[in-house]
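# Results of the structural survey
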Amino acid sequence: EDADRLARFQARIDADERIEPNDFMPAAYRRTLTRQISQHAHSEIIGMQPEGNWITRAPTLRRKAALLAKVQDECGHGLYLYAAAETLGATREELVDQLLAGRAKYSSIFNYPTLSWADIGAIGWLVDGAAIMNQIPLCRCSYGPYARAMIRVCKEESFHQRQGYEIMLTLARGTAEQREMAQDALNRWWWPSLMMFGPPDAASAHSDSSMRWKIKRFSNDELRRKFVDATVPQAHVLGLSIPDPALRYDSATGHWEHGAIDWEEFRQVIAGNGPCNRERLAARRQAHEDGAWVREAALAFAARRARAEAA
Ligand code: ACO
C-alpha cells in the first residue's frame, strides 16, 4: 500500500468522513475492525445465556415478557454485527467457527453466573449501562456499517438499562430479603462491569491505532471513569453500597476515584478460566449443532429454487 493512499485514507478519517465497504482501507484497519466487530457480535450471542437462564423463572408475566424481548434484542444485535463484519470480507461461517473453536474472544462479563433474580436487574443496570457508555461513541466510529448498526443497538440497550434499573429499584424498595439480594448482585457484578471496558490504557494493545482511526473515540480508562461517575449516584438512589472501600469523591476533579481492579482475575477470565467459560462455549456448541437441520434445510431449499429457476 503506497504512502500516498495511506495518507489520503488518514485525511478522510481526520475530516470525519465515513469509510464504506468498497472504499480503500489499510489491511490493518480492516483486520482490527473485523476483530472488534466479530468479538462484539460473539459477546451479544454468548450474552444471551446468563439472562436466558432466568426467563422461565421471572417473577411475573410482565417481567418475563420484558426479559424475553431483551434477550431477543441481543440475538438481533449479534446478527447485525455479524452482517457488519461480513462487509469487511469475513464470512459468517468463519467467524462462528472461530467462536466455537474457542479461538475468538467475547466480553469477559458473560463468563459470570446469574445466581438470583436480582442478577437480571444488576446486568441490565450495570452491564448494559457499561455497554451503552462504550457503544454511544461507536455510533460515530469511522466505519459506516458499524456506526449505523450501533445507532439502533444503542436505542435498544437504553431500554435494557432502564428495565434493569427498575428491577433493582423494585428490589431495593422491597423486603429486607429483597434488598439483600440486590446488594449481593451489586457486590458480584460491580468489579466485572468495570473490567468490561478492557485493560488500563497503558496495557491496551489496540488503543493507539484505534484512536487514530477513530474506531475508538475514548480510551478504555476514560469510558470506565465516565461509567463510575454515572453509576455511583444511581447506587445511592437505590440505597445500595458499591463494594469498594477505596471509592471516594475527588472534589478537585469532580470524579469518583475507585480502588484497584483485580487485573489478574480479568486475565484469567479472558484466558478461558472464568467461572462459566466452559459452560458458555459448550452451550453455544450444542445450540449450533441443534441448529444444523435448519442450515441444511435452508441450503436444500435454496438449491431446489435455483434448479427450478434454471429449468
Ligand atoms: N473481555 C474480553 N476481552 C477483552 C475485553 C473484555 N472486557 N477488553 C479487552 N479485551 C481484549 C481485546 O479484545 C484485545 O484482545 P485481542 O487483541 O486478542 O483482540 C485485548 O483484550 C487488548 O485490549 P484492547 O487493546 O484494549 O482492545 P480494544 O482496543 O479492542 O478495546 C474494547 C476493547 C473496548 C472492548 C473494544 O473492543 C470495544 O469497544 N468493543 C466493542 C464493544 C463490545 O464488544 N462490547 C461487548 C460487550 S457489551 C454487550 O455485548 C452487551
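Bear in mind that the values here come from a model prediction, so they are computed numbers and not experimental data.

Attention now goes to the overall build of the protein. Scanning the protein for helices and strands turns up 13 helices and 2 strands. Relative to the compact-globule value of 19 Å for 311 residues, the protein shows a C-alpha radius of gyration of 21 Å, a close match. With respect to the three principal axes, the spread of C-alpha positions in the protein is 70 × 50 × 35 Å. Considering the protein as a whole, with its 311 residues, one finds that 47% of them fall into the buried category. Partitioning the intrachain contacts of the protein with sequence separation of at least 6 by distance along the chain shows that 77% fall at a separation of at least 24. Of the side chains in the protein, 40 bear a positive and 40 a negative charge, and the two mean positions are spaced by 3 Å.

Attention shifts here to the site of the ligand. In the vicinity of the ligand, 29 residues are found, and the nearest of them are Gln39, Lys105, Ser204, His206 and Lys216. Within the backbone of Ser108, a nitrogen or oxygen atom sits 2.8 Å from a nitrogen atom of the ligand. When residues of the shell around the ligand are traced back to their parent elements, those giving at least two are helix H2 (27-46), helix H6 (117-135), helix H7 (144-172) and helix H11 (263-273). With 6 residues, the top contributor of residues to the shell around the ligand is H2. By residue class, the composition of the shell around the ligand is 12 nonpolar, 12 polar and 5 charged.

The next subject is the layout of surface pockets. Unoccupied space between atoms shows up once a probe the size of one water molecule is rolled over them. Space inside the second largest pocket adds up to approximately 450 Å³. The wall of the second largest pocket is formed by 18 residues, among which Arg92, Val96, Arg284, His288 and Arg295 lie closest to the centre. A per-element tally of the lining of the second largest pocket places helix H5 (residues 92-100) first, with 6 residues. For the lining of the second largest pocket, the per-class residue count stands at 11 nonpolar, 2 polar and 5 charged.

We now examine H6. Helix length check: H6, at 19 residues, gives a terminal C-alpha distance of 26 Å against a target of 27 Å (1.5 Å per residue), a fit within 8%. Of all the bends found along H6, the most pronounced is centred on Ile123 and spans about 35°. Most of H6 is tucked away: 17 of the 19 residues are buried. Where H6 begins, the capping side chain belongs to Ser116, and its oxygen is found 3.1 Å from the backbone nitrogen of Ala118.

One finds Tyr29, Ile37, Tyr143, Tyr146, Trp189 and Trp190 to be the most contacted residues of the largest nonpolar core, which totals 79 residues. No other element matches the 11 residues that H7 contributes to this core. Those residues in contact with Tyr29, other than ones at most four positions away along the chain, are Phe9, Ile13, Ile19, Ser142, Tyr143, Trp213 and Ile215.

Our focus in this paragraph is the side chain of Thr114. Summarising the element assignment, Thr114 is placed in the loop between H5 and H6. Residue class for Thr114 comes out buried when judged on its relative accessible area of 7%. Of the polar contacts made by the side chain of Thr114, one reaches the backbone oxygen of Pro50; its length is 2.8 Å.

Low pLDDT marks regions whose predicted coordinates should not be analysed in detail. For the protein, the average pLDDT comes to 97, and 100% of its residues sit at 70 or higher. Across the assembled chains, the prediction reports ipTM 0.98 with pTM 0.96.

Right, let's talk about the packing of H6 against H7 for a bit. Running from N to C, H6 and H7 cross one another at 145°; their axes reach a closest spacing of 7 Å. For the pair H6 and H7, the crossing hand works out as left-handed. Taken together, the residues that form the contact of H6 with H7 break down as 14 nonpolar, 9 polar and 2 charged.

For the rest of this paragraph, the subject is H7. Helical periodicity: at 3.6 residues per turn, an α-helix aligns residues three or four positions apart in one direction. Here H7 spans 42 Å end to end across 29 residues, near enough to the 42 Å set by a 1.5 Å rise per residue. At Ile151, H7 shows its largest bend, some 25°.

A few words on the side chain of Asn220. With respect to the helices, strands and loops of the structure, Asn220 is situated in helix H10 (residues 220-238). What makes Asn220 buried here is its relative accessible area of 6%. Separated by 3.3 Å, the side chain of Asn220 and the backbone oxygen of Phe197 make a polar contact. From its side chain, Asn220 meets the backbone oxygen of Pro199 in a polar contact 3.0 Å long. Discounting residues that sit within four places of it in the chain, Asn220 has contacts with Phe197, Gly198, Pro199, Asp201, Ser204 and Ser207.

About the thresholds
- In every chain, residue numbers begin from 1 and rise along the written sequence.
- Where totals are concerned, whole chains, interfaces and linings use all residues; where local detail is concerned, this predicted model gives features only for residues with pLDDT of at least 70, and gives and counts side-chain atom pairs only at 80 or more.
- To get the side-chain values, all heavy atoms of the structure are used, and hydrogens and water are removed first.
- Secondary structure counts use DSSP, requiring at least four H or I residues in a row for a helix and at least two E residues in a row for a strand, with both numbered from the N terminus.
- For the radius of gyration, the atom set is restricted to C-alpha positions; the globular benchmark scales as 2.2 Å times the number of residues to the power 0.38.
- The buried label applies to any residue whose accessible area, calculated with a 1.4 Å probe on protein chains only, is under 20% of its type's maximum; exposed applies above 50%, and partly exposed to all values in between.
- Whether two residues touch is decided by their heavy atoms; if any such pair falls within 4.5 Å, the residues are in contact.
- For the charge count, each Lys or Arg is scored as positive and each Asp or Glu as negative, with His and the chain ends excluded.
- For charged residues, the charge sits on one atom: NZ in Lys, CZ in Arg, CG in Asp, CD in Glu.
- A single heavy atom is enough: if one lies within 4 Å of a molecule or strand, its residue is considered near that molecule or strand.
- Each polar contact in these results corresponds to two N or O atoms within 3.5 Å; when the atoms are within protein, one needs to be able to donate a hydrogen and the other to accept it, and residues that are neighboring in sequence are counted only if both atoms are side-chain atoms.
- Here the term charged refers only to Asp, Glu, Lys and Arg, the term nonpolar to Ala, Val, Leu, Ile, Met, Phe, Trp, Tyr, Cys and Pro, and the term polar to all other amino acids, Gly among them.
- Using a 1 Å grid laid over the protein atoms alone, points where a 1.4 Å probe fits but cannot get out form a cavity; open sets with protein on both sides within 12 Å along at least 5 of 7 lines form a pocket; any residue with an atom within 4 Å of a point counts as lining.
- Grid points are joined across faces, edges and corners, and a volume is the space filled by probe spheres set on the points.
- To estimate the expected span of a helix, count its residues, drop one, and scale the result by 1.5 Å.
- Two axes enter the definition of the bend at a residue: one is fitted to the seven residues ending there, the other to the seven starting there, and the bend is the angle between them.
- For this analysis, a nonpolar core means a set of buried residues of the types Ala, Val, Leu, Ile, Met, Phe, Trp, Tyr and Cys, connected via side-chain atoms within 4.5 Å.
- For every residue, the predictor reports its confidence as pLDDT, a number between 0 and 100.
- Helix axes use the C-alpha atoms of the stretch in contact, all axes being lines fitted to C-alpha atoms, and the angles between their N-to-C directions lie in the range 0 to 180 degrees.
- Whether a crossing is left-handed or right-handed is set by the direction in which the near helix is turned from the far one by less than a right angle, anticlockwise for left-handed and clockwise for right-handed.

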